[in-house]
Structure formats: structure tokens, C-alpha cells
Amino acid sequence: MSSIVKKYLDDVKKRNPGEVEFHQAVEEVLESIAPVLEKNPQYVEAGIVERLLEPERQIMFRVPWVDDKGVVQVNRGFRVQFNSAIGPYKGGLRFHPSVYLGIIKFLGFEQIFKNSLTTLPIGGGKGGSDFDPKGKSDAEVMRFCQSFMTELCKYIGADTDVPAGDIGVGGREIGFMYGQYRKIRNEFVGVLTGKGIGWGGSLARTEATGYGLIYFTREMLKANGKSFDGQRVVISGSGNVAIYACQKAQSYGAKVVVVSDSNGYVIDEDGIDVATVKEIKEVQRARISEYVKARPNATYVAGGSVWDVKCDIALPCSTQNDINEESAKKLVANGCYAVGEGANMPCTNEAVKYFLSKGILVGPAKAANAGGVATSALEMSQNSQRLEWTFEEVDAKLDSIMTSIFKACDESSKEFGMTGNYVAGANIAGFQKVAKAMLAQGII
Ligand SMILES: NC(=O)C1=CN([C@@H]2O[C@H](COP(=O)(O)OP(=O)(O)OC[C@H]3O[C@@H](n4cnc5c(N)ncnc54)[C@H](O)[C@@H]3O)[C@@H](O)[C@H]2O)C=CC1
Ligand SMILES: O=C(O)CCC(=O)C(=O)O
């Protein structure tokens, strides 16, 4: 680690104690951009890195609501507005019991570079709550969302900060939050993305992160003389990203044999049936163990690691730090040669280093899962124009954005002598656009 990287990292740890996921995300970016800083002393002189590491604003608030038994519950809400040098803050909201400031900051920090890579004018932000939607009734989720938005609406706006979904926040939650925003502010604007079709949503936003992951991975495979056709794929997760990644990978001839949730995973050697997963997760909101009832040839494994299952291509689409060094070694030993990160930071830094040392292709999250936020930006454009584009139009734009993101990662990796290291390429390309904008806009 170079001395300047060590200095920045020590400082971040001191100023943000206990926020281990944030430290991890920062370390990966700093290591990648060290050669850029060496070549561009003007960035160091202008304090670009110190300013990037400090969010422009972080908001924490109380979210009181009443459950179905009439008992008052209190959760904590967050919105971290990290960097707006290239556009309004943009990034999802995560509702999960594990949420605390360190998680939201790692996600918000990553979002700066991801959004920069999309080629669209969006800054980085993220938010959420430690609320757990699992096991709650629709009425409870609605009351929580209304209370959350009653406070959040003071800080967001269509040209200021535009939240969307993430883990635990899908169409239902966006609907409840949008309704509350509209009631309080009395305006119908594109303040949230991931809205429903017919009230400001964009066709293909639901599919965008999963499809985008496959478009990016397709380009990465193509550049290395490979393709999805006939390949055995393992996916972790069975939520929004996992479902549509599975569907698109299968359309390219891959055989997806595993999906999972936080309780366990299913193996279906006939290929995962997407319609069954959608019914279980999007309609019944049940556990993935239900899958074997509809597909008796499949097997359910309680607990365990999906990464023990042999595959050619691994697509982690659940949560952070899903693949550690031990899982990485197992994957490589079993013949896996490519990893496409659908989730945010699904591999530990040690796992990524191990993969790269073995010549495994790694499509890093900031680039590979940027299709969701890119399509959110397309939703914002449609809202501003008061127009709706067709599914085919949006999907074609998404495909071309993912293709250009891969090209940017590839070119940056080559420019800095790290050919094929798309992790470094993504960090460098994402950083440079933001750094240039910050330099031009003065010390603010
Ligand atoms: N929805 C989107 O547009 C985008 C999502 N992402 C990332 O993709 C990942 C998945 O998000 P979504 O599919 O939207 O969420 P989701 O709520 O639809 O699904 C989350 C999935 O991850 C699993 N999961 C969650 N926590 C887990 C844990 N601690 N251990 C094991 N499994 C766990 C759940 O069981 C579920 O299958 C997250 O890392 C998210 O940040 C990234 C870019 C955009
Ligand atoms: O669509 C968005 O604005 C946010 C997507 C997101 O949260 C992410 O890219 O991790």
C-alpha cells in the first residue's frame, strides 16, 4: 500500500470508527486510484480525495409507527448525500435489520463512482432504515413507509436527491413512499424512481439491474473469447437482481442451477424456473424452500454456501461480503472462471485479490450492477419530458450503456498498465470524471 493511500485510509478509520464496510469500500477504491493520483498531483493539491471521503451531508432521523397490535415501534432512518459534483444525489433505500450508518456510507460511497460510470448526470447517495419488512403486513409496511417519507421529504427533490429501491424496498414500498411525498408536497414529480407503470415509472426498470449485469458480463466474456452459451451458472439471492439476471442469462443459453435466500439454497439441475421464483418471492413473499414443492426434481439445502456448488460463472446477487477468500478458493478449485457482481460489494477485498491473482474475470459491482441506477436516470429523463418510452427503447439504451461501461473499464485498466483488471478500471474511470468536475467547481 502506497504511503498516500495509507494516510487517507488511516484518516478515514479514525474519523469513522466502527464503520467496517465503509472502510472496506474506501480501501478498494484508494488502492485502485493511487496511480491516478501520482500522475495528477493537482487532485492531491485540491484535496479531492479528502473531500470525496466526507459525505456532503448525512441525515439520521426517528421513524415512529404503530404495528397491527397497536404497539408503537421506533426505527432509525438514514440518507447520506455523498457527492453531487456531477448531478443530483441518486441511490436506493435499503430496509433491512442490519442497516446502520456504516452500511449506508459504503453504499453511498460506491454509488458516486457507479453513477459516474453510467455516462449520465447523477451524483451519489444512499439511504434506508433498520426496519425489517419480513413478516410485516401490508398495512404495517405502509405505515412505516409513510412515517419514513414524512421526514425524508424535507431533504429530497426531483433536482436535489432522487431515492429508489434496494434490499427490502421494491414496488410496494416505493408506492407507499411516493403517495406520502405527493400528499405532503402537493407535487407530482420524479422524486423517486422505480415507480409503477402508469404513474411515472419506466418500463424495464424492474428488470434493469439483472439484465444490465448480464449485458456487462456478456461483454467481459466476449472480450476474453467466451460467452454464456452452455455455461453453468450459480446465483446467490432470489430477489429483484437475481431473478432478472437468471432470466437474461438463460436467454443467452446459460444453465442457471442455483438461487438462494438468507435461509438456504435450491439446486435445480434442469435449470432454475424463473416463473416459480417470481411467484414465491414477488407474489407470496415466501422462502425459497417453497421452490421444491413446484419443482420436485430440485433439492433444497438449508444453510450452507451456494459457492460450494460447481459452476463456470458465479453471479453474487444477494448482499455484501457474500464471497470471502475461502469461498473464492472453493469456486476456483471447482473451475469457476468468471464472477459478475450483481450485489454491492459481494466479494471481500481478499476474495477479489485472490480471483485476480488466479486470472479469474471479475466484473465489479460498480460497473456490473450499474444498469439499475442507469435506468433510474432514464426514468428521470422520461419524467422531465412527461413522456414514456417503450420497453424496447429503454432496454436498448440499457444494453448500450452497459457495453460502454465495460469499454470504459477495459480502456482504463489498459491505460494504467493493469489490462484485464476491471476492478481497477471501474474505480479509475468512475473517479476521474468526478475528480475533474470537483476540480472545475472549486473548493466547496
Ligand atoms: N435493486 C436494484 O436495482 C439494485 C440492487 N443492487 C444490489 O443488489 C443486491 C440485491 O438487491 P435486490 O435484489 O434489489 O434486493 P431484494 O430485497 O429484492 O433481494 C435481496 C436478496 O438477497 C437475499 N439476502 C439479503 N440479505 C441477505 C443476507 N444477509 N444473507 C443472505 N442473503 C441475503 C434475500 O434473501 C434476497 O434473495 C443488493 O446488494 C443491492 O444493494 C445493486 C444495484 C441496483
Ligand atoms: O436506481 C437507483 O437509483 C438506485 C440503485 C441502487 O441503489 C444501486 O445502484 O445500488
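The numbers attached to residues start from 1 for each chain and follow its sequence in the written order. Throughout, the order in which chains and ligands are written sets their labels, letters from A for the former and numbers from 1 for the latter. With the structure being a predicted model, the display of local features is reserved for residues of pLDDT at least 70 and the display and counting of side-chain atom pairs for 80 or more, all residues being used for whole-chain, interface and lining totals.

### Quick word on the sheet that holds strand S5 (residues 161-164)
Sheet strands line up and pair through hydrogen bonds in the backbone, either parallel or antiparallel. DSSP bridges decide pairing: two strands pair if at least two such bridges lie between them. The secondary structure listing takes helices from DSSP runs of H or I that are at least 4 residues long and strands from runs of E that are at least 2 residues long, numbered from the N terminus. In spatial order, the strands read S1-S2-S4-S3-S5; together these 5 strands make up an open sheet with mixed pairing. Of all strands in the sheet, those with a lone pairing partner are strand S1 (57-66) and S5, marking the two edges. Averaged over all pairs of adjacent strands, the angle between strand axes in this sheet comes to 20°, irrespective of strand direction. The sheet contact formed by strand S2 (residues 72-83) and strand S4 (residues 123-129) spans 6 bridges and is antiparallel. In the strand pairing of S4, Phe78 is matched with Gly128. Remark: residues whose backbone-derived C-beta atoms lie within 7 Å of one another are considered to be in contact. Under this scheme, a helix contributes an axis fitted over its contacting stretch, all axes are lines through C-alpha atoms, and angles between N-to-C directions fall in the 0 to 180 degree range. Against the sheet, helix H5 (residues 101-117) engages S2, strand S3 (89-95) and S4, with an angle of about 155° to S4. This element, helix H15 (residues 371-385), spans S3 and S5 of the sheet and lies at about 120° to S3.

### Describing the UniProt feature "binding site: NAD(+)" (unreviewed entry) in the chain
UniProt records the feature "binding site: NAD(+)" (unreviewed entry) at Thr209 and Asn240, using the numbering of this structure. Their sequence span is 32 residues, while the largest C-alpha to C-alpha distance among them is just 8.0 Å; these annotated residues converge on one region. Along the chain, the position of Thr209 falls in helix H8 (residues 205-223). Excluding residues that lie within four positions of it along the chain, Thr209 makes contacts with Asn240, Val241, Tyr244, Gly342, Asn369, Gly371 and Gly372. Within the secondary structure layout, Asn240 lies in helix H9 (residues 240-251). In contact with Asn240, other than residues within four places in its own chain, are Gly170, Thr206 and Thr209. UniProt positions are given in the numbering used here, feature names are shortened, and annotations may be inferred rather than shown by experiment.

### Some details on the packing of helix H1 (residues 3-15) against helix H2 (residues 20-39)
Across the interface, H1 lies against H2 with an axial gap of 9 Å and an inter-helix angle of 155°. Between H1 and H2, the angle is such that the two are roughly antiparallel. Seen along the crossing, H1 lies across H2 with a hand that is right-handed. Where H1 approaches H2, its residues Ile4, Val5, Tyr8, Leu9, Val12 and Lys13 are matched on the opposing element by His23, Val26, Glu27, Leu30, Glu31, Ala34 and Leu37. Our angle categories are set so that under 35 degrees counts as roughly parallel, over 145 as roughly antiparallel, 65 to 115 as roughly perpendicular, and the remainder as oblique. Less than a right angle of anticlockwise turn of the near helix away from the far helix marks a crossing as left-handed, whereas a clockwise turn marks it as right-handed.

### Looking at the site of ligand 1
By definition, a residue lies near a molecule or strand when the C-beta atom built from its backbone is within 6 Å of it. Residues in contact with ligand 1 amount to 21 residues; listed here are only the nearest, Gly239, Asp261, Ser318, Ala343 and Gly372. Broken down by element, the shell around ligand 1 gets its largest block of residues, 3 residues, from H9. Residue composition of the shell around ligand 1, grouped by class: 5 nonpolar, 14 polar and 2 charged. Residue contributions to the shell around ligand 1 reach at least three from each of two domains, namely domain 1 (3-188) and domain 2 (207-363). In this classification, the charged set is Asp, Glu, Lys and Arg, the nonpolar set is Ala, Val, Leu, Ile, Met, Phe, Trp, Tyr, Cys and Pro, and all remaining amino acids, among them Gly, are polar. In this entry, domain limits derive from an automatic or database-based domain assignment.

### A few points about the UniProt feature "site: Important for catalysis" (unreviewed entry) in the chain
In this numbering, the UniProt entry assigns the feature "site: Important for catalysis" (unreviewed entry) to Asp166. Relative to the elements of secondary structure, Asp166 occurs in the loop between S5 and helix H7 (171-185). Assessed through the 26 C-beta atoms surrounding it within 10 Å, Asp166 is described here as buried. Residues in contact with Asp166, not counting those within four places in the same chain, are Gly92, Leu93, Arg94 and Gly128. Around each residue's C-beta, the other C-beta atoms within 10 Å are counted; 20 or more make the residue buried, 12 or fewer make it exposed, and counts in between make it partly exposed. All C-beta atoms are placed from the backbone.

### Looking at the domain arrangement of the chain
Here the chain is partitioned into domain 1 (3-188) and domain 2 (207-363). For domain 1 and domain 2, the distance between their C-alpha centres works out to 26 Å. For the side of domain 1 that touches domain 2, the elements supplying multiple residues, two or more each, are H2 and H5. In terms of residues, the side of domain 1 that touches domain 2 owes the most to one element, H2, which gives 5 residues. Classifying every residue of the side of domain 1 that touches domain 2 by side-chain character gives 4 nonpolar, 2 polar and 4 charged.

### Focus on the nonpolar core
The biggest cluster of nonpolar side chains holds 132 residues, and the ones touching the most others in it are Ile235, Ala245, Val259 and Ile405. Of the residues forming this core, the biggest block, 10 residues, is contributed by helix H17 (residues 422-440). Shared between two domains, this core holds at least three residues of each, these being domain 1 (3-188) and domain 2 (207-363). Residues in contact with Ala245, not counting those within four places in the same chain, are Gly210, Leu213, Ile214, Ile235, Leu315, Cys317 and Gly342. We define the nonpolar core as any set of buried residues of the types Ala, Val, Leu, Ile, Met, Phe, Trp, Tyr and Cys, connected via C-beta atoms lying within 7 Å of each other.

### A few points about the packing of helix H6 (residues 138-152) against H7
Two numbers describe a pair of packed helices, the interaxial angle and the distance between the axes. Across the interface, H6 lies against H7 with an axial gap of 8 Å and an inter-helix angle of 45°. It follows from the interaxial angle that H6 and H7 lie oblique. For the pair H6 and H7, the sense of crossing is right-handed. On the side of H6, the interface is formed by Val141, Met142, Cys145, Gln146, Phe148, Met149 and Thr150, while H7 contributes Arg172, Glu173, Phe176, Met177, Gln180, Tyr181 and Ile184.

### Comments concerning the environment of Gly135
Relative to the helices and strands, Gly135 is located in the loop between S4 and H6. You can call Gly135 exposed: it has 7 C-beta atoms within 10 Å. Residues Gly135 and Val49, spaced 86 residues apart in sequence, show a C-alpha to C-alpha distance of 42 Å.

### Notes on unusual backbone geometry
Although it is not a glycine, Thr119 sits at a positive phi angle of roughly 75°. Within the secondary structure, Thr119 sits in the loop between H5 and S4. Its 16 C-beta neighbours within 10 Å are what place Thr119 among the partly exposed residues. Positive phi is not limited to glycine here, since Ala204 has a value of about 75°. Along the polypeptide, Ala204 turns up in the loop between H7 and H8. When the 24 C-beta atoms within 10 Å are taken as the criterion, Ala204 is described as buried.

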